[in-house]
Amino acid sequence: MKIAILPDNEAIGKVGADILASTLKDKPDAVIGLATGSSPLPFYRELIERYKAGEISFAQCKAFTLDEYIGLEPNHPESYVQFIHREFVDHVDFAEGAVKTPNAQTDDLNGAAADYDAAIKDAGGVDFQVLGIGSDGHIAFNEPGDSLASRTHVVFLHDQTRRDNARFFDDDINQVPKEAISQGLGTIQEARKIVLFVQGKGKARAVREMVEGGISARWPASVLQLHPNVYVLADEDAASELELISNYREDWDNFASANL
Ligand code: F6R
(Lines give C-alpha, C1' and ligand atoms only; values in the text may rest on other atoms or scores of the structure.)
Protein backbone atom coordinates (compact mmCIF):
# COMPACT_ATOMS: atom_id res chain seq x y z
CA MET A 1 0.00 0.00 0.00
CA LYS A 2 1.07 3.55 -0.65
CA ILE A 3 0.03 5.74 2.25
CA ALA A 4 -0.13 9.52 1.88
CA ILE A 5 -0.63 11.46 5.11
CA LEU A 6 -1.88 14.85 3.99
CA PRO A 7 -2.60 18.10 5.84
CA ASP A 8 -6.21 18.67 4.83
CA ASN A 9 -9.11 17.75 2.57
CA GLU A 10 -7.91 20.07 -0.14
CA ALA A 11 -4.59 18.22 -0.38
CA ILE A 12 -6.38 14.85 -0.25
CA GLY A 13 -8.66 15.88 -3.11
CA LYS A 14 -5.76 17.16 -5.22
CA VAL A 15 -3.59 14.05 -4.79
CA GLY A 16 -6.58 11.80 -5.61
CA ALA A 17 -7.29 13.89 -8.72
CA ASP A 18 -3.63 13.73 -9.80
CA ILE A 19 -3.73 9.93 -9.60
CA LEU A 20 -6.99 9.74 -11.59
CA ALA A 21 -5.70 12.27 -14.14
CA SER A 22 -2.71 10.05 -14.84
CA THR A 23 -5.04 7.03 -15.27
CA LEU A 24 -7.20 9.02 -17.71
CA LYS A 25 -4.12 10.16 -19.63
CA ASP A 26 -3.18 6.53 -20.28
CA LYS A 27 -6.77 5.41 -20.77
CA PRO A 28 -9.36 8.12 -21.56
CA ASP A 29 -12.12 5.48 -21.60
CA ALA A 30 -11.25 4.18 -18.12
CA VAL A 31 -13.88 2.41 -16.04
CA ILE A 32 -14.20 4.19 -12.69
CA GLY A 33 -15.63 2.71 -9.50
CA LEU A 34 -17.40 5.40 -7.46
CA ALA A 35 -17.97 5.47 -3.70
CA THR A 36 -20.61 7.59 -2.02
CA GLY A 37 -20.36 8.95 1.55
CA SER A 38 -18.47 12.01 2.73
CA SER A 39 -14.85 10.82 2.44
CA PRO A 40 -14.40 11.21 -1.35
CA LEU A 41 -16.25 14.56 -1.55
CA PRO A 42 -13.04 16.70 -1.61
CA PHE A 43 -11.84 14.49 -4.50
CA TYR A 44 -15.11 14.88 -6.42
CA ARG A 45 -15.01 18.65 -5.88
CA GLU A 46 -11.48 18.79 -7.26
CA LEU A 47 -12.47 16.67 -10.29
CA ILE A 48 -15.39 19.01 -11.01
CA GLU A 49 -13.00 22.00 -10.89
CA ARG A 50 -10.54 20.31 -13.25
CA TYR A 51 -13.35 19.36 -15.62
CA LYS A 52 -14.61 22.96 -15.66
CA ALA A 53 -11.06 24.16 -16.32
CA GLY A 54 -10.93 21.82 -19.35
CA GLU A 55 -8.20 19.67 -17.81
CA ILE A 56 -10.03 16.34 -17.67
CA SER A 57 -13.02 14.69 -19.32
CA PHE A 58 -15.19 11.70 -18.49
CA ALA A 59 -16.92 11.64 -21.88
CA GLN A 60 -15.49 8.25 -22.78
CA CYS A 61 -15.60 6.76 -19.26
CA LYS A 62 -18.00 4.34 -17.70
CA ALA A 63 -18.62 4.18 -13.96
CA PHE A 64 -20.08 1.79 -11.40
CA THR A 65 -21.04 2.79 -7.87
CA LEU A 66 -20.15 0.47 -5.02
CA ASP A 67 -23.54 -0.02 -3.45
CA GLU A 68 -27.16 0.99 -3.07
CA TYR A 69 -29.58 0.90 -0.16
CA ILE A 70 -32.53 -1.49 -0.37
CA GLY A 71 -35.89 -0.03 0.59
CA LEU A 72 -35.41 3.60 -0.44
CA GLU A 73 -37.28 5.06 -3.39
CA PRO A 74 -34.77 5.80 -6.20
CA ASN A 75 -35.65 9.50 -5.91
CA HIS A 76 -34.96 9.55 -2.14
CA PRO A 77 -32.21 12.19 -1.68
CA GLU A 78 -30.05 9.74 0.28
CA SER A 79 -30.31 6.89 -2.21
CA TYR A 80 -26.82 6.40 -3.56
CA VAL A 81 -27.92 6.96 -7.15
CA GLN A 82 -29.19 10.43 -6.17
CA PHE A 83 -26.14 11.13 -4.04
CA ILE A 84 -23.57 10.34 -6.73
CA HIS A 85 -25.43 12.34 -9.38
CA ARG A 86 -25.86 15.33 -7.07
CA GLU A 87 -22.30 15.38 -5.72
CA PHE A 88 -20.35 14.45 -8.85
CA VAL A 89 -21.82 12.90 -11.97
CA ASP A 90 -24.20 15.72 -12.95
CA HIS A 91 -21.36 18.27 -12.82
CA VAL A 92 -19.10 16.56 -15.35
CA ASP A 93 -19.50 15.08 -18.84
CA PHE A 94 -20.27 11.38 -18.45
CA ALA A 95 -22.37 10.18 -21.40
CA GLU A 96 -26.04 9.45 -20.75
CA GLY A 97 -26.35 6.04 -19.05
CA ALA A 98 -22.59 5.63 -18.51
CA VAL A 99 -22.90 5.55 -14.71
CA LYS A 100 -24.48 2.42 -13.26
CA THR A 101 -25.70 1.63 -9.76
CA PRO A 102 -26.93 -1.74 -8.43
CA ASN A 103 -30.65 -2.20 -9.04
CA ALA A 104 -32.25 -2.34 -5.61
CA GLN A 105 -35.76 -1.79 -7.04
CA THR A 106 -36.51 -5.39 -7.96
CA ASP A 107 -37.94 -8.53 -6.36
CA ASP A 108 -34.91 -10.45 -7.63
CA LEU A 109 -32.13 -8.80 -5.63
CA ASN A 110 -29.76 -11.76 -5.97
CA GLY A 111 -30.26 -11.68 -9.74
CA ALA A 112 -29.60 -7.93 -9.75
CA ALA A 113 -26.37 -8.50 -7.80
CA ALA A 114 -25.17 -11.14 -10.26
CA ASP A 115 -26.11 -8.88 -13.20
CA TYR A 116 -24.03 -6.07 -11.68
CA ASP A 117 -20.90 -8.22 -11.50
CA ALA A 118 -21.53 -9.30 -15.11
CA ALA A 119 -21.91 -5.67 -16.22
CA ILE A 120 -18.59 -4.72 -14.59
CA LYS A 121 -16.92 -7.64 -16.33
CA ASP A 122 -18.49 -6.75 -19.70
CA ALA A 123 -17.16 -3.21 -19.33
CA GLY A 124 -13.64 -4.66 -19.01
CA GLY A 125 -13.33 -4.37 -15.22
CA VAL A 126 -12.67 -1.33 -13.07
CA ASP A 127 -9.49 0.66 -13.77
CA PHE A 128 -9.73 3.10 -10.86
CA GLN A 129 -11.78 2.32 -7.76
CA VAL A 130 -12.67 5.03 -5.23
CA LEU A 131 -13.20 3.79 -1.66
CA GLY A 132 -14.03 5.13 1.78
CA ILE A 133 -13.83 3.05 4.96
CA GLY A 134 -16.29 2.70 7.82
CA SER A 135 -15.27 3.06 11.46
CA ASP A 136 -15.76 -0.72 11.79
CA GLY A 137 -13.44 -1.35 8.83
CA HIS A 138 -16.11 -1.96 6.19
CA ILE A 139 -15.46 -1.10 2.56
CA ALA A 140 -18.47 -0.75 0.30
CA PHE A 141 -20.97 -2.41 2.67
CA ASN A 142 -18.86 -5.48 3.43
CA GLU A 143 -19.27 -5.65 7.17
CA PRO A 144 -17.00 -7.43 9.69
CA GLY A 145 -17.45 -11.18 9.33
CA ASP A 146 -18.37 -11.11 5.62
CA SER A 147 -16.40 -13.26 3.17
CA LEU A 148 -13.15 -11.74 1.96
CA ALA A 149 -13.88 -13.26 -1.48
CA SER A 150 -17.52 -12.21 -1.91
CA ARG A 151 -19.07 -11.01 -5.14
CA THR A 152 -21.78 -8.34 -5.38
CA HIS A 153 -24.47 -9.43 -2.93
CA VAL A 154 -27.25 -8.42 -0.55
CA VAL A 155 -25.87 -7.29 2.81
CA PHE A 156 -27.35 -6.53 6.22
CA LEU A 157 -25.96 -3.33 7.70
CA HIS A 158 -24.66 -3.54 11.23
CA ASP A 159 -25.94 -1.09 13.83
CA GLN A 160 -22.56 0.68 13.95
CA THR A 161 -22.79 1.47 10.23
CA ARG A 162 -26.43 2.55 10.55
CA ARG A 163 -25.50 4.80 13.50
CA ASP A 164 -22.62 6.29 11.47
CA ASN A 165 -24.96 6.95 8.53
CA ALA A 166 -27.84 8.32 10.60
CA ARG A 167 -26.33 11.80 10.07
CA PHE A 168 -27.72 11.65 6.52
CA PHE A 169 -31.19 10.66 7.83
CA ASP A 170 -32.12 13.41 10.33
CA ASP A 171 -29.88 11.69 12.94
CA ASP A 172 -32.52 8.96 13.17
CA ILE A 173 -31.13 5.42 12.92
CA ASN A 174 -34.65 4.11 12.31
CA GLN A 175 -34.71 5.86 8.95
CA VAL A 176 -31.44 4.21 7.84
CA PRO A 177 -32.14 1.14 5.71
CA LYS A 178 -31.10 -2.22 7.13
CA GLU A 179 -30.06 -3.77 3.83
CA ALA A 180 -28.11 -2.86 0.74
CA ILE A 181 -26.71 -4.38 -2.44
CA SER A 182 -22.94 -4.08 -2.28
CA GLN A 183 -20.02 -4.98 -4.46
CA GLY A 184 -18.18 -7.81 -2.72
CA LEU A 185 -14.61 -7.72 -1.52
CA GLY A 186 -13.68 -10.16 -4.31
CA THR A 187 -15.25 -7.79 -6.86
CA ILE A 188 -13.43 -4.76 -5.43
CA GLN A 189 -10.10 -6.57 -5.34
CA GLU A 190 -10.27 -7.04 -9.13
CA ALA A 191 -10.01 -3.28 -9.73
CA ARG A 192 -6.64 -2.42 -11.26
CA LYS A 193 -6.03 0.57 -9.00
CA ILE A 194 -7.73 1.48 -5.71
CA VAL A 195 -7.66 4.88 -4.01
CA LEU A 196 -9.12 5.02 -0.48
CA PHE A 197 -9.99 8.35 1.13
CA VAL A 198 -10.15 8.65 4.90
CA GLN A 199 -10.37 11.50 7.38
CA GLY A 200 -10.89 11.92 11.09
CA LYS A 201 -10.01 10.36 14.44
CA GLY A 202 -13.10 8.17 14.34
CA LYS A 203 -11.47 6.14 11.54
CA ALA A 204 -7.97 5.89 13.10
CA ARG A 205 -8.42 2.38 14.50
CA ALA A 206 -9.90 1.11 11.24
CA VAL A 207 -6.95 2.59 9.32
CA ARG A 208 -4.45 0.92 11.65
CA GLU A 209 -6.15 -2.46 11.27
CA MET A 210 -6.40 -2.04 7.49
CA VAL A 211 -2.73 -1.16 7.05
CA GLU A 212 -0.94 -2.94 9.89
CA GLY A 213 -3.34 -5.54 11.27
CA GLY A 214 -3.66 -9.17 10.27
CA ILE A 215 -5.73 -9.92 7.18
CA SER A 216 -9.05 -10.92 8.65
CA ALA A 217 -12.80 -10.68 8.11
CA ARG A 218 -12.86 -8.90 11.48
CA TRP A 219 -11.56 -5.80 9.62
CA PRO A 220 -12.74 -6.26 6.02
CA ALA A 221 -10.52 -3.47 4.60
CA SER A 222 -7.45 -5.47 5.68
CA VAL A 223 -7.97 -7.57 2.51
CA LEU A 224 -6.55 -4.59 0.60
CA GLN A 225 -3.09 -5.61 1.87
CA LEU A 226 -3.26 -8.34 -0.79
CA HIS A 227 -3.90 -5.86 -3.62
CA PRO A 228 -0.78 -4.68 -5.48
CA ASN A 229 -1.93 -1.14 -6.30
CA VAL A 230 -3.69 0.61 -3.40
CA TYR A 231 -3.32 4.24 -2.35
CA VAL A 232 -4.57 5.37 1.06
CA LEU A 233 -5.03 9.15 1.21
CA ALA A 234 -5.46 10.03 4.88
CA ASP A 235 -5.43 13.13 7.04
CA GLU A 236 -3.27 13.32 10.18
CA ASP A 237 -6.15 12.29 12.47
CA ALA A 238 -7.02 9.18 10.47
CA ALA A 239 -3.34 8.19 10.33
CA SER A 240 -2.68 8.94 14.01
CA GLU A 241 -2.69 5.33 15.25
CA LEU A 242 -0.28 3.97 12.61
CA GLU A 243 2.78 2.46 14.27
CA LEU A 244 5.11 2.94 11.30
CA ILE A 245 3.91 6.41 10.41
CA SER A 246 7.38 7.86 9.81
CA ASN A 247 8.21 5.08 7.32
CA TYR A 248 5.02 5.83 5.39
CA ARG A 249 5.81 9.53 5.25
CA GLU A 250 9.31 8.79 3.93
CA ASP A 251 8.03 6.27 1.33
CA TRP A 252 5.33 8.67 0.16
CA ASP A 253 7.74 11.59 -0.21
CA ASN A 254 10.01 9.42 -2.36
CA PHE A 255 7.09 8.14 -4.44
CA ALA A 256 5.45 11.54 -4.89
CA SER A 257 8.64 13.32 -5.90
CA ALA A 258 9.25 10.71 -8.62
CA ASN A 259 5.68 10.23 -9.83
CA LEU A 260 3.33 13.10 -9.02
C1 F6R B 1 -20.10 4.27 0.21
C2 F6R B 1 -19.60 3.08 0.89
C3 F6R B 1 -19.16 3.08 2.29
C4 F6R B 1 -18.48 4.37 2.75
C5 F6R B 1 -18.10 4.26 4.23
C6 F6R B 1 -17.49 5.55 4.74
O7 F6R B 1 -20.46 3.98 -1.13
O8 F6R B 1 -19.60 2.05 0.28
O9 F6R B 1 -18.27 2.00 2.49
O10 F6R B 1 -17.34 4.60 1.96
O11 F6R B 1 -19.24 3.95 4.97
O12 F6R B 1 -18.50 6.54 4.70
P13 F6R B 1 -18.12 8.08 4.91
O14 F6R B 1 -17.21 8.43 3.77
O15 F6R B 1 -19.43 8.81 4.80
O16 F6R B 1 -17.47 8.18 6.23
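The following refers to the structure shown. The structure presented is a predicted model; accordingly, all values stated were derived computationally and were not measured.

Comments concerning the site of the ligand
The environment of the ligand is made up of 14 residues, and the closest members are Thr 36, Ser 39, Asp 67, His 138 and Ala 140. The separation between an oxygen atom of the ligand and a polar side-chain atom of Asp 67 is 2.5 Å. Split by residue class, the shell around the ligand holds five nonpolar, six polar and three charged.

Examining the side chain of Asp 235
Turning to its location among the elements, Asp 235 is positioned in strand β10 (residues 230-235). Salt bridges are absent for the buried Asp 235, whose nearest opposite-charge side chain, Lys 201, sits at 8.4 Å. Those residues within four positions of Asp 235 in sequence are excluded, and the remaining contacts are Ile 5, Leu 6, Ile 12, Val 198, Gln 199 and Gly 200.

A word on the sheet that holds strand β9 (residues 194-198)
Spatially, seven strands are ordered β1-β10-β9-β6-β2-β3-β5 in an open sheet, and the strand pairing comes out parallel. Each end of this open sheet is capped by a strand with a single partner; those strands are β1 (2-6) and β5 (99-100). Bridging between β1 and β10 involves five bridges; their strand directions are parallel. Bridge assignment links Ala 4 to a residue of β10, and that residue is Leu 233.

Some points on helix α9 (residues 245-259)
Spanning 15 residues, α9 covers 21 Å between terminal C-alpha atoms, matching the ideal 21 Å at 1.5 Å per step. Among the residues of α9, those classed as buried are Tyr 248, Trp 252, Phe 255 and Ala 256. Seen along its axis, α9 keeps its buried residues to an arc of 95°; they face one direction. For α9, the exposed residues set more than 90 degrees away from the buried face come down to Glu 250, Asn 254, Ser 257 and Ala 258. Each element contacted by the buried residues of α9 is listed here: β1, α1 (9-26), α7 (204-212) and β10.

Looking at the packing of helix α2 (residues 41-52) against helix α3 (residues 80-87)
With their axes 10 Å apart at the nearest point, α2 and α3 run at an angle of 45° to one another. For the element pair α2 / α3, the angle class is oblique. Within the contact between the two elements, α2 uses Leu 41, Tyr 44 and Ile 48 and α3 uses Phe 83, Ile 84 and Glu 87. Residues of the contact of α2 with α3, tallied by class, amount to five nonpolar, no polar and one charged.

Section: unusual backbone geometry
In the Ramachandran plot, Asp 170 falls in the positive-phi region, its phi being about 55° despite a non-glycine side chain. The exposed category is assigned to Asp 170, whose relative accessible area is 64%.

Quick notes on the sheet that holds strand β4 (residues 67-70)
An order of β4-β8-β7 is seen for the three strands of this open sheet, with the pairing classed as antiparallel. Strands at the two margins of the open sheet, each flanked by one partner only, are β4 and β7 (153-156). The mean inter-strand angle of the sheet, taken between neighbouring strand axes irrespective of direction, is 30°. Taken together, the four bridges between β4 and strand β8 (residues 179-182) define a ladder with antiparallel strand orientation. Looking across to β8, one finds that Tyr 69 is bridged to Ala 180.

What about the pairing of β9?
Taking burial as the measure, the five residues of β9 include five buried ones, the bulk of the element. Where strand β6 (residues 128-131) and β9 come together, three bridges link them in parallel fashion. Pairing of Val 130 across the sheet is with Val 195, part of β9. In the sheet, β9 pairs with β10 via five bridges, with the strands oriented parallel. Across the sheet, residue Val 195 finds its bridge partner in β10, namely Tyr 231.

About the criteria used
Residues numbered from 1 in each chain as written. Predicted model: local features only at pLDDT ≥ 70, side-chain atom pairs only at ≥ 80, totals over all residues. Heavy atoms only, no water. Near = heavy atom within 4 Å. Polar contact = N/O pair within 3.5 Å; in protein donor to acceptor, adjacent residues only side chain to side chain. Nonpolar A, V, L, I, M, F, W, Y, C, P; charged D, E, K, R; others polar. Helix = DSSP H or I, 4+ residues; strand = E, 2+ residues; numbered from the N terminus. Buried < 20%, exposed > 50% of the residue type's maximum accessible area, 1.4 Å probe, protein only. Lys, Arg positive; Asp, Glu negative; His and termini not counted. Salt bridge = Lys/Arg side-chain N within 4 Å of Asp/Glu carboxyl O. Contact = heavy atoms within 4.5 Å. Pairing = 2+ DSSP bridges. Expected span 1.5 Å × (residues − 1). Arc of directions from axis to C-beta. Axes fitted to C-alpha atoms, helices over the stretch in contact; angles between N-to-C directions. Parallel < 35°, antiparallel > 145°, perpendicular 65-115°, else oblique.

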